[in-house]
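Chain by chain, the residues:
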Amino acid sequence: MNNTAREAILGSIRSHLAASAPYDDQHELLVHHEHPVILSKISLVELFKQNVESVNAHCIITTDVTDALRQIIADLKARRIAISDDANVERWLRLTDLEIEKLGVVPDAQDIFRFDVGITTAQAAIAETGTLVLDSAHERHRLVSLVPPVHIAIVAASRIRETLSDALTLLQNTREISPTVTFITGPSRTADIELTLAIGVHGPQELYVIVNEST
Amino acid sequence: MKVSLFVTCLVDQLWTSIGVSSAAVLRRVGCEVEFDQRQTCCAQPAYNTGYAHEARQVARRFISVFEESKADAIVSPSGSCTAMVKHYPELFAADPEWQARAQSVAAKTHELSSFLIRVLKTEDVGASWSGRLTWHDACHGLRDLNLKSEPRTLIRNVRGAEFVELEHADACCGFGGTFSVKYPEISVAILDQKIEAIERAGVQAVVSGDASCLMQIGGRLSRKGSKVRVMHLAELLAADLRG
Amino acid sequence: MNHLSSETFRENAKAALADAHLRGALKNATTLFGERRKQAAASLPNWEDLRTQARAIKDEVLLHLDRYLEEFVRNAESRGAKIHWARDAAEANSIICTLATGRGARVVVKSKSMTTEETHLNTALEAAGMQVVETDLGEYIIQLAEETPSHIIAPAIHKTRRQIADLFTAELGMVPTEDVAQLTSTARVTLRDRFAAADVGISGVNFGVAETGTIVIVENEGNIRLTTSLPRMHIALMGIEKVIPRFSDTDVFLKLLPRSGTGQRLTTYQSFITGIKRRATDEGPEELHIVLLDNGRSRMLAHPVTRQSLACIRCGACLNACPVYQQIGGHAYGSVYPGPIGAVITPQLMGIEKTSQLPYASSLCGACREVCPVKIDIPRLLLHLRGEITPRKGSLGERLAFKLWARVMMSPTLYKMSAVAGRLVQRIVPLSRAWTSGRDLRPIEARSFHDLWTNE
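Nothing here was measured: the structure is a model prediction, and the numbers come from that model.

Draft legend 1. Structural context of the overall build of chain C. What chain C contains, in helices and strands, is 23 helices and ten strands. Against the globule reference of 23 Å for 456 residues, chain C gives a C-alpha radius of gyration of 25 Å, in line with a compact fold. Taken along the three principal axes of its C-alpha coordinates, chain C extends 95 × 55 × 45 Å. Looking at chain C as a whole, 59% of its 456 residues are labelled buried. Looking at chain C alone, contacts between residues at least 24 apart form 75% of all its contacts between residues at least 6 apart.

Spelled out as structure tokens, the structure:
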């Protein structure tokens, strides 16, 4: 596509860099050293929970996901539930025996706006920041985790990593980085009006994270 | 220890007591002070306004004068002028001969409080001054020369002086050389923040290490009819040495 | 409303200084931002190391920008992204309009992108018959108000909640309220529909990873995720300087950017987008177009002092720290990029003809350099630009004054004639009225220090 522009830009880069050469030092690309995070004596799960809660999200640690789901959905009085295509999510939801008016499995772009709650899993999580890692190659959860006003995310305790850097390494260890990876830290927010924090803008207004210790 | 005093053109023309005080303080702590009459300016006004060629001309003059000195150190009562001299090697990046000469002079040049604390290891010059005062961190001294604790240490050892930390002591006073007259409205708006903090501090004097800041702050204080006086650190440290 | 020109910077600044609402809003915002940044930086014991690391990475990329760009392009294309090259703003707009109209788009949703402001993309899209919806709350507010952004990361920072409430009532028929949650909710509800109906989503890019062809975009609101997930076509406009070498490098920048910008440890969402979906049944756009923009950036590579301008990660920290910006806000600069970074990149991107005042609008205090996560030496850059401007735009009077000044300063004899020197000071400071209108002037001493010493 537009090779003339490409050549012009690359040519401009090269000629200007050449002009700069007499004034330059060469910089060795420094290898990034991960500075160890000195954790307190608490576990990764505890640290994760603390950080999730510090960004106005809820965190429940449990071995019974169904029970946790049941409580949350009942409290919310949610009737219209969208879920990702992860088989466990549908199973856990059905086991809650809750009355659901409308269930959507990966609703499309038009339909997705008609749900109260979206339930997905997360492929990994980051303890030092309270972040969920959603990898689109493993689950169709892109819109379910974004559009409904409440997002419930279930993550296995064993998938919690310590640092952001660990999570990036994990993502790169796959065959190829997936088309979309999303990091989620808390519900959506803004401070665009007088720098006053408002929770719930375009993304979910509430985020529940269920840490599944049973796997 | 032999010291060559670089008073700066501003002190020379507009605030001689800073020069007199600096010499007095240096002698008090045991230095022999010389003053090379050939000195003029460090070239900062030209350099900061974008006249690098003229700045280099005057910088070469400075280097030529001071490299002849047999003194152990060149000391100046100005953070911004000292910082300018420290930038001389950069100014002569394209001229290895002058850059080397600039480097030797720059290495020997010190701001007054830095010289007292870091070189002479002297924290108490035996001064006394009675009253409540505060300190304004002049930008170049603070950010180019890392002077933060040094002036405060010296002030705290002035007998009788009650030191209070100014809110946002490190905020710019708005001088900035020709900025103060190219954009006077902005300069004064920035200055007024500093004045308000000074008024809130309830002090009798505000002290700083740069005559330019003192002119800016003092000029506004007097325009507003304030009783707060401005003082250079050298004047404070020399306070009891007068009569 | 505020489409001020940088040519009238001083007048713009005076008007801003007279605007009490604006000054109040600026004081609150810059103070808060500054406090939060400071705390966030202090919470990381290796903050200084991170800054050094980030700058080293940027220096490396910029020194070999052609190579890293080509690597980025290769990898992005291998994953199904289409790359377009735009030499200037007009070309970028043209490419984007063609893509959108080719898709038959009528409605375009946009997330906040300073680069699209730089090219005035919205105007071009509207001229091509499309409706453009800004979805970032701050951008949405200024779009309604028909204004331009006044801050790199908080576009509506100059508006009080009262002004925003009045705006929403007038434009959206909202029931009057100054409650921030309500205001936000109004925007959320109004914009929901627009996302669903949009044919094309346009975003910027925070970082483009050469190693994998990934674009990384960060946000708090969720509008970027919506913009880049719902419509069938996603167009991302990316300045050529946004490239970073490796995927793992995002760690350093994600530690620095949110903390420097808003004081957050991390923004709510980071999207790592690599090409397009693998299967038709997957969610997300069918097409991803990345438009690489030069628009004067490559010129900045010609000297190490100017090249560091391209290291900027658009955090806005320098704006909040700047005593000038704190007083006058962003509009006075008459540029998409205000504040310290704006004062250095605007003249370089746009040429100095109309922007020559900007590099002088600084007291050189260095607060910006202190807070910059990638250690850009903005004061050094300002001096460099001043040096380029004086021969071409400096007034004859000033140029002569400094030539004369240099003569005097090189001659101890001339210098000692203090009357001469004194008068010169007046001439270099051409308007002593500029000083005395607000401040008393210290009189020139009757005897100089030179005189006093001689008589010792």
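Once you've had a look at it, read on.
Draft legend 2. Structural detail: the overall build of chain B. Within chain B, the regular secondary structure consists of 14 helices and eight strands. In summary, chain B has a C-alpha radius of gyration of 18 Å against a globular reference of 18 Å for 243 residues, a match within 12%. Overall, chain B is about 50 × 45 × 25 Å in size when its C-alpha atoms are taken along their principal axes. Here chain B holds 243 residues, and 60% of them are scored as buried. In chain B, the share of contacts with a sequence separation of at least 24, taken over all contacts with a separation of at least 6, comes to 77%.

Draft legend 3. Structural view of the interface of chain B and chain C. Taken together, the contact pairs 49 residues of chain B with 51 residues of chain C. Looking at the side of chain B that touches chain C residue by residue, the classes come out as 25 nonpolar, 15 polar and nine charged.

Draft legend 4. Region of interest: the interface of chain A and chain C. Contact residues are listed per partner, giving 57 residues for chain A and 78 residues for chain C. No other element matches helix H1 (residues 3-20) of chain A, which puts twelve residues into the side of chain A that touches chain C. Here the side of chain A that touches chain C is composed, by residue class, of 27 nonpolar, 22 polar and eight charged. Both strand E9 (residues 180-184) of chain A and strand E9 (residues 269-273) of chain C contribute to a ladder of five bridges, which runs antiparallel. Counted as the bridge partner of Ile184 of chain A is Tyr269 of chain C from E9 of chain C.

Draft legend 5. Just the arrangement of the chains, in detail. Across the two pairs of chains in contact, the largest number of contacts is found between chains A and C. Separating chain A from chain B is a minimum C-alpha gap of 9 Å, and the two share no contact.

Draft legend 6. Molecular detail of helix H12 (residues 250-261) of chain C. Residues and elements named next belong to chain C. With twelve residues, H12 ought to run about 16 Å at 1.5 Å a step, and its terminal C-alpha atoms sit 16 Å apart, in line with that. Of all twelve residues making up H12, twelve are buried, and the element is well covered by its neighbours. Residues Thr250, Asp251, Val252, Phe253, Leu254, Lys255, Leu256, Leu257, Pro258, Arg259, Ser260 and Gly261 constitute the buried set of H12. One or two residues past the end of H12 sits Gly263, with phi positive at roughly 80 degrees.

Draft legend 7. Local environment of the domain arrangement of chain C. For chain C, the assigned domains are domain 1 (41-298) and domain 2 (396-454). A straight line from the C-alpha centre of domain 1 of chain C to that of domain 2 of chain C covers 52 Å.

Draft legend 8. Inspection of the confidence of the model for chain C at higher detail. Chain-level statistics for chain C give a pLDDT mean of 93 and a share of 96% at 70 or above. The complex prediction reports pTM at 0.95, with the ipTM value standing at 0.95.

Draft legend 9. Fine view of the pairing of strand E7 (residues 205-208) of chain B. Residues and elements named next belong to chain B. In the sheet, strand E5 (residues 128-136) pairs with E7 via four bridges, with the strands oriented parallel. Paired with Thr134 across the bridge in E7 is Val206. Summarising the sheet, E7 and strand E8 (residues 229-232) pair through four bridges and their orientation is parallel. From the neighbouring strand, Val207 faces E8, where its bridge partner is Met231.

Draft legend 10. Up close: the sheet that holds strand E3 (residues 102-105) of chain A. All names here are of chain A. Sheet architecture is open: six strands sit in the order E1-E12-E7-E4-E2-E3, paired in parallel fashion. In the strand order of this sheet, the two ends are held by strand E1 (58-62) and E3, each with one partner. Within this sheet the neighbouring strands show an average axis-to-axis angle of 20 degrees, counted without direction. In terms of strand pairing, strand E7 (residues 150-156) meets strand E12 (residues 206-212) through seven bridges, oriented parallel. Directly across from Val155, in E12, lies its bridge partner Val211.

Draft legend 11. Unusual backbone geometry, seen in detail. All names here are of chain C. Phi is positive for Asn295, close to 55 degrees, though the residue is something other than glycine. In this structure, Asn295 sits in the loop between strand E10 (287-293) and helix H13 (304-307). Accessibility expressed as a C-beta count within 10 Å gives 21 for Asn295, which makes it buried.

Draft legend 12. Examining the sheet that holds strand E6 (residues 159-164) of chain B more closely. Residue and element names in this part refer to chain B. Taking strand neighbours across the sheet as the criterion, the four strands line up as E6-E5-E7-E8 in an open arrangement whose pairing is parallel. This sheet does not close on itself; its edge strands, each paired only once, are E6 and E8. Averaged over neighbouring strand pairs, the angle between their axes works out to 40 degrees when direction is ignored. With five bridges joining them, E5 and E6 adopt parallel strand pairing. Paired with Ser128 across the two strands is Arg159, which belongs to E6.

Draft legend 13. Examining the pairing of strand E2 (residues 107-110) of chain C more closely. All names here are of chain C. Inspection of the sheet shows E2 paired to strand E3 (residues 131-134) by four bridges, in the parallel sense. By the bridge assignment for E3, Lys110 is matched with Glu134. Two elements, E2 and strand E4 (residues 200-203), share three bridges in a ladder whose sense is parallel. Each residue of the ladder has a partner; that of Val108, found in E4, is Val200.

The rules we used
Residues numbered from 1 in each chain as written. Chains lettered and ligands numbered in written order. Predicted model: local features only at pLDDT ≥ 70, side-chain atom pairs only at ≥ 80, totals over all residues. Helix = DSSP H or I, 4+ residues; strand = E, 2+ residues; numbered from the N terminus. Rg over C-alpha atoms; globule rule 2.2 N^0.38 Å. Buried ≥ 20, exposed ≤ 12 C-beta atoms within 10 Å, placed from the backbone. Contact = placed C-beta atoms within 7 Å. Nonpolar A, V, L, I, M, F, W, Y, C, P; charged D, E, K, R; others polar. Pairing = 2+ DSSP bridges. Expected span 1.5 Å × (residues − 1). Domains from an automatic or database assignment. pLDDT = per-residue confidence, 0-100. Axes fitted to C-alpha atoms, helices over the stretch in contact; angles between N-to-C directions.

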